[in-house]
Amino acid sequence: MKSLIIAEKPSVAADLARALGKVPKKGDHYENDQYVIASAVGHLVELQMPEDIDKKKYGFWRLETLPIIPNRFELKPIDKTKDRFGALKKLLARKDIDEVINACDAGREGELIFTYIYQLAKSKLPVRRAWMQTMTPAGIRAAFEENHLRTAGQMSGLADAARCRSEADWLIGINGTRALTKRMFGKRAGNVASVGRVQTPTLALVVARELEIRNFVSRDYWRITAQFGIANGSYEGVYQRPGYKKNDADPHDRIDRLWDKADAEAVLADCRGNPPAAVTEEKKAATQIAPRLYDLTTLQREANNRLGLSARRTLQIAQALYEKHKMITYPRTDSRALPEDYIPTCKTTLQALEGNLAPHAQKALAEGYVRPNKRIFNNAQISDHFAIIPTGSEYKNLDDMEARVFDMIARRFVAAFYPVAEYDVTTRISTIAQKHNFKTEGKVLTNPGWLAVYGRTSIDEENASTSDSQSKIQNPKSKIAPPLPALTPSDNNQAKTISTQLHAEATKPPPRYTEATLLSAMESAGKLVDDEDMADAMKERGLGTPATRADTIDGLIYQKYMERNGRELSPTPKAEGLLEFLSVVGAEALTKPDMTGEWEYKLRLMEHNNYTRDKFMREIVDVTKGVVERTKNFEEDETTARVTDIISPTDNQPMKETLRAYKSQDGALAIYKVITGRKIEEDEIRQLVAAGEIGPLDGFVSPRTGNRFPSKLRIIDDPKNEGQKKVELDFGNKVDLSALTPVWTDPKTGEELCEAPTNYILRRRNEKADGGWEQTFSVGRLMCQKPIELDQAIKLVTEGKTDLIQAFISKRGRPFDAYLLRKGARIAWEFPPRAPKVGKDGKPVARKTKAAPDLTKATKIGDSKAHEGGTLYETADSYIVAKPGANDEPRIVFECKKSICQKDIALNDVQQMLADGKSPLIEGFVSKRGSQFNAYLVLSKDKKKADFEFPPR
């Protein structure tokens, strides 16, 4: 008889076959006298959807059919992988198979993949579990040893937690999304208010931070610095306010901040004339311990800070290092410790490290640094997996980013064993006029300890990579002070006051979340925690798991709830509307990170058989019913609406602000707070009502492409409802040239410049044209969020170039300066020369210039409909759109590889994407994990590349 081994993906099945005795391939699986090794391709089975349960009842979204609470959750094979499931079902039914071994990924999701396959196949075979921490051949063989294979009873808690996670997400996601979508959008097609057990409280964190920034009231304060001179050089001191006591109620209060300008000027007056300062100083030794080993969230956080990688991309790279290259241990872990019996393994791994880490690893072994240490080796801090470390496997050919992430992991591993870094800290107080203290702090590295692994030999070297990112998140301005010039006997404990300076500053709002800081907040259920040990204690109650947090963030971006602006994450008006609606209907349960973190904590308890599945699901059902009932029964009562000072043109009465709109009291006019993806502020609504129009305004979002565009808003008579008015977008596309009023006439040509809704239009007489006028040139009145003044439009027409216009805002939210050029009927940009890049020595560093693309050998296809003035080319490996650039060299504005995820991309698919923003559905992509998927190619927001859009399940 044989054992059937089911792996999560084909590449893992191949690794198992090689490690377990070179099991030969037989069709789609591997087989010898002992094993049959097959695989899924990720999830093959899913929960039935409501329409699968009862298509007539649940096929259409109706409030009256909610909540949907199945008595038993039934399963179905996923359509696109139905054949793979069928093949596994046949293997499970074979007469010569007497047991099945679950070799899916060692975690909750891997357990769910196997459990659902086993259940839907209705197998009765006994089950054992292979729990692989590394994918090296030795690690695989160890996991399959008889005494290491786990029984079904040992895995029952993890299986229950996996089912509960899946069913809880179904209950809250399906019911919450249907209820809120119907109440928020009614019958409007294409609008979905998606909610989820983890995604909605995560979104609540981002929205709360945005509101905190928006409502922040800045306060002025003053700081005083002084420059002092002694025999060995000069140093700077910062004034310290006397009698300062930390005030927890005022987080902006500091010992160096004066809140009254008069007090600051009085101190400055006492320092006039640069009187000598009495100097006292205190020296003491200090240490800094090495950072702990990586778990997945910490790795994602630091890779985002250091390398700019998204959480999802970091996980993909770590998974490739684990699965493909066999160079690190299992990455989807929340532990930062190793087993207490792992000391011999660590010594072997250190011995195998290569490159510039090898000398540091050899020193750790030679000096006996690898010894029992509870910060590193601690069974109590390990659940199912331990910290991410190298395996000692031979070095592979890694791509650049894989190599950099591996270096982070390997360097952290070596540094963890090293002793503390030792400093001498000098605190110097320079007192002017016998009462005004100025503080200076300097540090000298006396023993680099673990910092030597990072190449640090002195304390003033900049190195953002070595300390835990959490402290940098909380105090990003913290700097290591340079060494102080030493006092000598000749100074006689006095310093010359060279100068004093008053600095006027203001408090700043908290920063927006980045992926790094949001991951931290998710890990601790919304509580940003500085202390490393405290942060570890909070992990148990985090939002989601290390393996799912990246997908949660990406999902919120995909659903248009959040946007990436550079590294910052900001919520969209859709997100704010959802959270506001949840608050009004009393469904805050979905938004509370602490409560959802508590659920995640209970799932963790369940994994270890310390919490029952029935009890957890009863809690989820109760919350689901409560959310649905409150949403269904909510009625917007306009009697409680806020009365504004905006006078409606329909009845001359003040308009009322309701949850979603500003409405006239006679019901003839409603102006929604969010129009085409843009939030309309109250001041803008006030202007719109007063003038009947406003704009052009930037920031409207195309629901089809996601691109931003400017438009005017106008109040017009509603042609479908007599006596009613409505707001419409006016893009200025259909302009009657003869109806425009000129604002300037060219004295040389007689051409007239007119203001259209969104553009300045230059027109000239042409009796043959409609209306007797033809357009010769136009320029937007608002470009990249910057209004173009009339005098600059005139200069563009007459001289062909504007003055340097400052503070355009790029699509990534970054300010830039540029000239506008007129090239015939189109607009071009010209950028001023960049300021020279300065090196550490203060001298300019030559910038590397990119060679202009050579398109002389490319095939010219035609115009790109998505890029005005752009031409589509086909090269040997890419489709490229180029525009004329500086010195008439081509400037690439779009590039799409001809092969993506092992799928050849046809020219007509790219042409349709450039025309419509979206290609037809393309089948047969292959992910890095080896699973096939189907997707549309969609033009990215900046129109520079193609992104994936996945069809609904």
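In this report, we go over the structure that sits alongside the text. It should be emphasised that the depicted structure is a prediction, and the values quoted were computed from it without experimental measurement.

**Quick look at the overall build of the chain**
Broken down by element type, the chain carries 24 helices and 46 strands. Burial status across the chain gives 49% buried among its 953 residues. Long-range pairs, those at least 24 residues apart, make up 62% of the contacts in the chain between residues at least 6 apart in sequence. Taken as a whole, the chain presents about 47,300 Å² of accessible surface, with 49% of it coming from carbon and sulfur. Measuring between centres, the 147 positive side-chain charges of the chain sit 2 Å from its 133 negative side-chain charges.

**Quick word on the pattern of salt bridges**
Under the criterion given, the structure shown has 72 salt bridges. D96 is the salt-bridge partner of R94, the closest N and O atoms lying 2.7 Å from each other. When the shortest N-O distance is used, the salt bridge between E619 and K602 registers 3.0 Å. Separated by 17 residues along the polypeptide, E619 in helix α21 (residues 613–633) and K602 in helix α20 (residues 593–607) bring together distant segments of the chain.

**Some remarks on the sheet that holds strand β28 (residues 752–755)**
Spatially, the 4 strands line up as an open sheet ordered β27-β28-β29-β30, and their pairing is antiparallel. Looking at which strands have only one partner, the edges of the open sheet turn out to be β27 (742–745) and β30 (773–780). Mean inter-strand twist for the sheet, computed between neighbouring axes without regard to direction, equals 30 degrees. Pairing geometry for β27 and β28, over 3 bridges, is antiparallel. Across the sheet, P742 pairs through a bridge with C754, a residue of β28.

**Quick notes on unusual backbone geometry**
Here the amide bond leading from L66 into P67 is cis, since omega sits at 0 degrees, within 30 degrees of zero. Assignment of secondary structure puts P67 in the loop between α3 (55–58) and β6 (75–77). G695 connects to P696 through a cis peptide bond whose omega is 10 degrees. Here P696 shows up in strand β24 (residues 693–701). Despite not being glycine, N492 has its phi angle at roughly 55 degrees, a positive value. With respect to the helices, strands and loops of the structure, N492 is situated in the loop between α15 (469–474) and β15 (494–506). Despite not being glycine, K560 shows a phi value in the positive range, around 65 degrees.

**A look at the side chain of S570**
Tracing the backbone through its elements, the reader meets S570 in strand β17 (residues 568–571). Given the relative accessible area of 8%, S570 is considered buried. Apart from the residues lying within four places of it in its own chain, the contact partners of S570 are V206, E210, R512, Y561, M562, E563 and N565.

**Remarks on the sheet that holds strand β33 (residues 805–809)**
Taking strand neighbours across the sheet as the criterion, the 3 strands line up as β33-β34-β35 in an open arrangement whose pairing is antiparallel. The sheet is open, and its two borders are formed by β33 and β35 (826–830), each paired with just one other strand. For this sheet, the mean angle separating the axes of adjacent strands, direction not counted, is 55 degrees. Of the strand pairs in this sheet, strand β34 (residues 815–823) and β35 are connected by 5 bridges, and their pairing is antiparallel.

**With respect to the side chain of H29**
Position of H29 among the secondary structure elements: in strand β3 (residues 29–31). One polar contact links H29 to E31, side chain to side chain, over a distance of 3.1 Å. Discounting chain neighbours no more than four positions away, the residues touching H29 are P24, V36, I37, A38, L91 and R94.

**Quick word on the packing of aromatic side chains**
Ring pairs (aromatic) are described by centroid distance and by the angle formed between their planes. The final tally for this structure, using the stated rule, is 25 aromatic pairs. Pairing W450 with Y454 gives two aromatic rings, centres 6.0 Å apart and planes at 90 degrees, and the pair type is edge-to-face. For the pair W450 and Y454, one class covers both residues: buried. Connected via pairs of aromatic rings, a cluster forms that spans F228, Y235, Y239 and F438. In this structure, K898 is placed above the aromatic ring of Y879, and the distance from its NZ or CZ to the ring centre is 5.7 Å.

**Observations regarding helix α13 (residues 358–366)**
Taken as a whole, α13 has its buried residues at A358, A361 and A364. Angularly, the buried residues of α13 cover 125 degrees about the axis, an arc narrow enough to put them on a single face. α13 presents P359 and A366 as exposed residues on the side facing more than 90 degrees away from its buried surface. Buried residues along α13 sit in contact with α12 (343–352) and α14 (400–417). Just downstream of α13, G368 is the residue with a positive phi angle, here 70 degrees.

**Brief notes about the pairing of β34**
As judged from the 3 bridges shared by β33 and β34, these two strands associate in the antiparallel manner. Looking at the pairing, I809 lines up with P815 of β34. The turn joining β34 and β35, which pair antiparallel and follow one another in sequence, is formed by 2 residues; a positive phi near 70 degrees is taken by G824.

**Let's talk about the packing of helix α8 (residues 199–214) against helix α16 (residues 515–523)**
When two helices pack together, you describe them by how their axes are tilted relative to each other and by the distance separating the axes. As a packed pair, α8 and α16 sit with axes 11 Å apart at the nearest point and diverge in direction by 125 degrees. As summarised for this structure, α8 and α16 are arranged oblique, according to the angle between their axes. Remark: the crossing between α8 and α16 carries right-handed chirality. Between α8 and α16, the residues in contact are T202, L205 and V206 and L518, A521 and M522, respectively.

**Examining the nonpolar core**
L578 and F616 are the most contacted members of the largest nonpolar core, which has 87 residues in total. Grouped together as the second largest cluster of nonpolar side chains are 76 residues, V23, I382, V405 and F413 included.

**Overview of the state of the cysteines**
Note: disulfide means a covalent bond formed between the sulfur atoms of two cysteine side chains. Enumeration according to the criterion identifies 0 disulfides in this entry. C164 provides the cysteine sulfur closest to C104, a residue in no disulfide bond, and the two sulfurs are 19 Å apart. Residue classification places C104 among the buried positions, given a relative accessible area of 1%.

**Describing the environment of L47**
Counting through the fold element by element, L47 comes out in strand β5 (residues 45–47). Linking L47 and W222, residues 175 residues apart in sequence, is a C-alpha distance of 61 Å. With near-sequence residues (within four places) excluded, L47 lies in contact with F73, E74, L75, K76, Y116, S166, E167 and W170.

**With respect to the environment of R332**
Within the fold, R332 resides in the loop between α11 (311–323) and α12. Put simply, R332 and L296 are 36 residues apart on the chain and 5.8 Å apart in space, counted from C-alpha to C-alpha. Among the polar contacts listed, one links the side chain of R332 to the side chain of Q319, at a separation of 3.2 Å.

**Concerning α14**
Taking 1.5 Å of rise per residue, the 18 residues of α14 would be expected to cover 26 Å, and the 27 Å separating its terminal C-alpha atoms lies within 8% of that figure. For α14, the tally of buried residues reaches 13 of 18 residues, placing the bulk of the element in the interior.

**Section: the environment of T875**
Here T875 lies in the loop between β39 (871–874) and β40 (878–884). Beyond its immediate stretch of four places on either side in the chain, T875 contacts L855, A858, I880 and K898.

**Let's talk about the packing of helix α7 (residues 152–185) against helix α19 (residues 573–584)**
It is at 11 Å that the axes of α7 and α19 come closest, and there the two elements cross at 100 degrees. The angle between α7 and α19 falls in the class roughly perpendicular. Along its contact with α7, which presents L180, R183 and M184, the element α19 presents G577, L578, F581 and L582. Class assignment for the residues of the contact of α7 with α19 results in 5 nonpolar, 1 polar and 1 charged.

So, how was this worked out
- The numbering scheme is per chain: residues are counted from 1 as the chain's sequence reads.
- Given that the model is predicted, a residue must reach a pLDDT of at least 70 before its local features are reported, and side-chain atom pairs must reach 80 or more before they are shown or counted; all residues, however, enter totals for whole chains, interfaces and linings.
- Values shown for side chains rest on all heavy atoms present in the structure; no hydrogens or waters enter the calculation.
- Put simply, DSSP H or I for four residues or longer makes a helix, DSSP E for two residues or longer makes a strand, and each gets a number counted from the N terminus.
- Accessible area is worked out with a 1.4 Å probe on protein chains only. A residue is then buried under 20% of its type maximum, exposed over 50%, and partly exposed in between.
- Note on contacts: a residue pair is in contact if any heavy atoms of the two residues lie within 4.5 Å.
- Only the protein chains shown count as cover for residues, and all accessible areas are computed by the Shrake-Rupley method using a 1.4 Å probe.
- Note on charges: Lys and Arg go in the positive column, Asp and Glu in the negative column, and His and the chain ends are not counted at all.
- Working definition for charges: the position is that of NZ of Lys, CZ of Arg, CG of Asp or CD of Glu.
- What counts as a salt bridge is simple: a side-chain nitrogen of Lys or Arg found within 4 Å of a carboxyl oxygen of Asp or Glu.
- In this description, strands pair whenever DSSP reports at least two bridges between them.
- Axis angles are defined between N-to-C directions and span 0 to 180 degrees, where every axis is a line fitted to C-alpha atoms and, for a helix, only to the segment in contact.
- The definition of a polar contact used here is a pair of N or O atoms within 3.5 Å, where within protein one atom must be able to donate a hydrogen and the other to accept one, and adjacent residues in sequence count solely through side-chain atom pairs.
- We call Phe, Tyr and Trp rings a pair once their centres come within 6.5 Å, taking the six-membered ring for Trp, and we label the pair stacked below 30 degrees between planes, edge-to-face above 60, and tilted otherwise.
- Charges are assigned to positions over rings by a cutoff of 6 Å between ring centre and Lys NZ or Arg CZ, combined with an angular limit of 35 degrees from the ring normal.
- The arc under discussion is defined with respect to the helix axis, by the directions toward the C-beta atoms.
- The cut-offs work like this: below 35 degrees is roughly parallel, past 145 is roughly antiparallel, 65 to 115 is roughly perpendicular, and the gaps in between are oblique.
- For any pair of crossing helices, the crossing counts as left-handed if the nearer helix is rotated counterclockwise from the farther one by less than a right angle, and right-handed if it is rotated clockwise.
- The criterion is simple. A nonpolar core is a set of buried Ala, Val, Leu, Ile, Met, Phe, Trp, Tyr and Cys residues joined through side-chain atoms within 4.5 Å.
- Pairs of cysteine sulfur atoms within 2.5 Å are what we label disulfides.
- Residue count minus one, scaled by 1.5 Å, sets the expected span of a helix.
- The classification used treats Ala, Val, Leu, Ile, Met, Phe, Trp, Tyr, Cys and Pro as nonpolar, Asp, Glu, Lys and Arg as charged, and all other residues, Gly among them, as polar.

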